[in-house]
Amino acid sequence: MLKQVTKQLALQGVRTFSVGQQNNYKVTVCGAAGGIGQPLSLLLKQNPLVTDLALYDIVHTPGVAADLSHIDTKSKTAGFIGADQLGDSLKGSDVVVIPAGVPRKPGMTRDDLFNVNAGIIKDISNSIAKNCPKALVAIITNPVNTCVPIAAEILKKAGVYDPKRLFGVSTLDVVRARAFIGHALGVDPQTVQIPVIGGHSGVTILPVLSQSQPLFKGNQDTIEKLTVRIQEAGTEVVKAKAGAGSATLSMAYAGARFAGSLLKGLNGEKNVIECSYVQSTVTEATFFSTPLVLGKNGVQENLGLPKLNDYEKKLLEAAIPELKKNIQKGIDFANA
Ligand code: NAD
Ligand code: LMR
């Protein structure tokens, strides 16, 4: 019953507020000097729920922090540079957003980033376990499908893992689907509702077009083309940037939206719903993105699989083995 009411409210765009809001949260961005980190930090500096913005990176954060600190919003900005300062950047954090790590170049898959990025996620997760074990942690770093299980295993080893507090950020897939559908239908993309489930790479990205509102009408060929475009949208940007990296600005927008939703949930706002890649029992894959209700402790309720048509069921069948492989790779790495 709660599920139905919540879904209905969400589809209508209804947002209700509770009393007793706190309005002062510390957010740490790990990788804050990067292509995503800088615009993401700029957007977070403008979020009224943030009072402390900690910017951590292995380079350039004193300058980024000094620059952002001149913006006339209430949050205090501080820069932390190098592994010695990671712990201080995390102490007392309510939300940690992680875009630290290398991006793709043309011809690479997200999985090709594993060798460098897995170690970065391991180190940051160890420090989170020591310095802010109750924080909500949002991982942007690729391969997301593998980095989130790595973080889970590290937090488990430290005895502080709470599956409700660890998220892989797949919001950009939803943002893209809304943009493409909105422009195709000639409606404001902000009014489009669409669940994108599964993981965050190729065939594991499953846009549930049959559930989009307004409905994306088209023949099977049009639907398949749009599905593949959403699945391959990251590669579209990597190719267009021709060696200069992957999506940064749209990712900063998506990351700020997701972090903002985590903060709204923490702050007691009701019916905050986002798709995110979390520990899950919804399918055979032990991590899977579905729409979630966010609350004071992170995941308040997993809304489960949306209704799928036969084509989408086939997409799900294709996604599961790939996801399971990606997840196992992360578990093996963390336990090696
Ligand atoms: P970038 O190279 O521009 O920035 C990465 C930043 O991470 C750099 O400032 C670098 O100094 C920093 N860094 C490296 N090692 C670090 C460490 N040990 N601790 C802290 N910071 C460290 O790359 P980018 O374009 O910002 O992309 C970052 C990551 O986000 C990539 O892995 C990319 O694939 C991923 N990404 C994910 C999504 C998504 O939808 N989840 C979208 C776009 C990009
Ligand atoms: C994206 O979807 O844009 C990111 O995952 C970056 C990439 O490598 O495609």
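Since this is a predicted model, take the numbers as computed values, not measurements.

## Here we look at the packing of helix α7 (residues 171–185) against helix α8 (residues 220–231)
Right, on to step 1. Interaxial distance between α7 and α8 falls to 9 Å at its minimum, and their mutual angle equals 140°. Viewed along their axes, α7 and α8 adopt a mutual orientation that is oblique. Both α7 and α8 take part in a crossing whose hand is right-handed. Within the contact between the two elements, α7 uses Asp173, Arg176, Ala177 and Phe180 and α8 uses Leu226, Arg229 and Ile230.

## Re the site of ligand 2
Right, on to step 1. As a structural note, the neighbourhood of ligand 2 is formed by Pro103, Arg104, Arg110, Asn142, Leu172, Gly234, Thr235, Val237, Val238, Ser246 and Ala247.
Right, on to step 2. The element best represented in the shell around ligand 2 is helix α9 (residues 233–241), accounting for four residues.
Right, on to step 3. Its residues assigned to classes, the shell around ligand 2 shows five nonpolar, four polar and two charged.
Right, on to step 4. Both domains that furnish three or more residues to the shell around ligand 2 are identified here as domain 1 (23–167) and domain 2 (169–333).

## A look at the UniProt feature "binding site: substrate" (unreviewed entry) in the protein chain
Right, on to step 1. Those places that UniProt annotates as "binding site: substrate" (unreviewed entry) correspond, in this numbering, to Arg104, Arg110, Asn142 and Arg176.
Right, on to step 2. Within the secondary structure layout, Asn142 lies in the loop between β5 (136–139) and α6 (144–157).
Right, on to step 3. Residue contacts for Asn142: discarding those within four places in its chain leaves Arg110, Leu113 and Asn117.
Right, on to step 4. For Arg176, the location among the structural elements is in helix α7.
Right, on to step 5. Setting aside anything within four residues of it in sequence, one finds Arg176 in contact with Ile230 and Ala233.

Thresholds, definitions, all that
The numbers attached to residues start from 1 for each chain and follow its sequence in the written order. Think of it this way: whatever chain is written first is A, whatever ligand is written first is 1, and the rest follow in order. The predicted origin of the model limits local features to residues at a pLDDT of at least 70 and limits the giving and counting of side-chain atom pairs to 80 or more, whereas totals for whole chains, interfaces and linings rest on all residues. Each axis is a line fitted through C-alpha atoms, and for a helix only the stretch in contact is used; angles between axes span 0 to 180 degrees, taken between their N-to-C directions. Strands here mean DSSP runs of E at least two residues long; helices mean DSSP runs of H or I at least four residues long; both are numbered from the N terminus. Here is the rule for angles: anything less than 35 degrees is roughly parallel, anything more than 145 is roughly antiparallel, 65 through 115 is roughly perpendicular, and the remaining ranges are oblique. Left-handed describes a crossing in which the near helix is turned anticlockwise from the far one by less than a right angle; the clockwise case is right-handed. Throughout, a residue-residue contact means that the two C-beta atoms, derived from backbone geometry, are no farther apart than 7 Å. Proximity of a residue to a molecule or strand is defined by its backbone-placed C-beta atom lying within 6 Å of that partner. Under the grouping applied here, Gly and all other residues not named as nonpolar or charged are polar, the nonpolar ones being Ala, Val, Leu, Ile, Met, Phe, Trp, Tyr, Cys and Pro and the charged ones Asp, Glu, Lys and Arg. Boundary definitions for the domains trace back to an automatic or database domain assignment. UniProt positions are given in the numbering used here, feature names are shortened, and annotations may be inferred rather than shown by experiment.

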